[in-house]
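So the chains spell out like this:
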Amino acid sequence: MTNNLLLNRAAVTASAIVVAVVEFALLHSVAGVDVAVTSGSSTRQVTVAAVVVAAAVAALAGWALLAALERATNRSRVWWTSIAVAVLLLSLVVGPTGGVGAGAKATLALLHLSVGLILILGLPRSRPAGANR
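Values in this document were obtained by computation on a predicted structure and should not be read as measured data. (Residues numbered from 1 in each chain as written. Predicted model: local features only at pLDDT ≥ 70, side-chain atom pairs only at ≥ 80, totals over all residues. Heavy atoms only, no water.)

**Q** Explain the pairing of strand E2 (residues 42–45) residue by residue, including any values.
**A** Where strand E1 (residues 36–39) and E2 come together, 4 bridges link them in antiparallel fashion. The residue bridging Val37 from the neighbouring strand is Arg44, located in E2. Hairpin connection between E1 and E2: a loop of 2 residues separates the two successive antiparallel strands, and Gly40 in this loop has a positive phi of roughly 70°. (Pairing = 2+ DSSP bridges. Helix = DSSP H or I, 4+ residues; strand = E, 2+ residues; numbered from the N terminus.)

**Q** Would you mind going over the layout of surface pockets in detail, with residue names and values included?
**A** By volume, the largest pocket amounts to about 870 Å³. Forming the walls of the largest pocket are 31 residues, and the residues nearest its centre are Ala54, Ala55, Ala58, Ser91 and His112. Only E2, helix H2 (48–72), helix H3 (76–94) and helix H4 (102–122) provide two or more residues apiece to the lining of the largest pocket. Partitioned by chemical class, the residues of the lining of the largest pocket number 22 nonpolar, 8 polar and 1 charged. (1 Å grid on protein atoms, 1.4 Å probe; cavity = no way out; pocket = protein on both sides within 12 Å on 5 of 7 lines; lining within 4 Å. Points joined across faces, edges and corners; volume = space filled by probe spheres on them. Nonpolar A, V, L, I, M, F, W, Y, C, P; charged D, E, K, R; others polar.)

**Q** Explain helix H1 (residues 3–30) residue by residue, including any values.
**A** With 28 residues, H1 extends 38 Å between its outermost C-alpha atoms, agreeing within 8% with the 40 Å of an ideal straight helix rising 1.5 Å per residue. Within H1, burial applies to Leu5, Arg9, Val12, Thr13, Ala16, Ile17, Ala20, Glu23 and Phe24. Considering only its buried residues, H1 is in contact with H2 and H4. Trailing H1 by a residue or two, Gly32 shows a phi angle of about 80°, which is positive. (Expected span 1.5 Å × (residues − 1). Buried < 20%, exposed > 50% of the residue type's maximum accessible area, 1.4 Å probe, protein only. Contact = heavy atoms within 4.5 Å.)

**Q** I'd like a description of the packing of H2 against H3, backed by residues and values.
**A** For the pair H2 and H3, interaxial distance at closest approach is 9 Å and the crossing angle is 150°. Taken together, H2 and H3 sit at an angle that is classed as roughly antiparallel. The crossing of H2 and H3 is right-handed. Facing Gly62, Leu65, Leu66, Leu69 and Glu70 of H2, the residues of H3 in contact are Ser76, Trp79, Trp80 and Ile83. Considered class by class, the residues forming the contact of H2 with H3 number 6 nonpolar, 2 polar and 1 charged. (Axes fitted to C-alpha atoms, helices over the stretch in contact; angles between N-to-C directions. Parallel < 35°, antiparallel > 145°, perpendicular 65-115°, else oblique. Left-handed = near helix turned anticlockwise from the far one by under 90°.)

**Q** Give a detailed account of the pattern of salt bridges, specifying residues and quantitative values.
**A** Pairing is possible between side chains that carry opposite charge, provided their charged atoms lie close to one another. Taken as a whole, this structure holds 1 salt bridge when the rule is applied. In this structure, Glu70 engages Arg9 in a salt bridge whose closest nitrogen and oxygen atoms are separated by 2.6 Å. Pair noted here: Glu70 is in helix H2 and Arg9 is in helix H1, with a separation of 61 residues, a long-range link. Taking relative accessible area as the criterion, Glu70 reaches 7% and is therefore assigned buried. (Salt bridge = Lys/Arg side-chain N within 4 Å of Asp/Glu carboxyl O.)

In C-alpha cells:
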C-alpha cells in the first residue's frame, strides 16, 4: 500500500469518525436529544466514546475488506461497494431500532447513514487515478 493511499484512507476514516462525533455532540448536547438504547431488559446511554468506537470499527472493517478485495479481484470496487451498501442498509434496519424514543432512533439512523456514506464514497475513491482495480 503506497503512502498516499494509506494517508487518503486514513483521512477518510478520520473524517467518518469526526462527522459522527460532531453530529452526536450537536444532537445530544445542543439539541438535547437523549440518545439511549435498549439492550435486552436494560437501557444504556450512548456516549461519545461509543460513537467513536463504533465509527472506528466500521471504518477499519470496511478498509480491511476493501484491501483484501483489492488483492483478490480486479472488480474490488464493485464488490466492496455492493457489500458496503448491503451492510449499511442492514445497519439502518437493525441499529436504530434499539433507540429509546423517536429522537434517539433518528439520531442513530443519522449516525449510521453519515458514517456509511462517507466510507462508501471515500474509501474506494482514495486510490490514485489510473491505479488498477
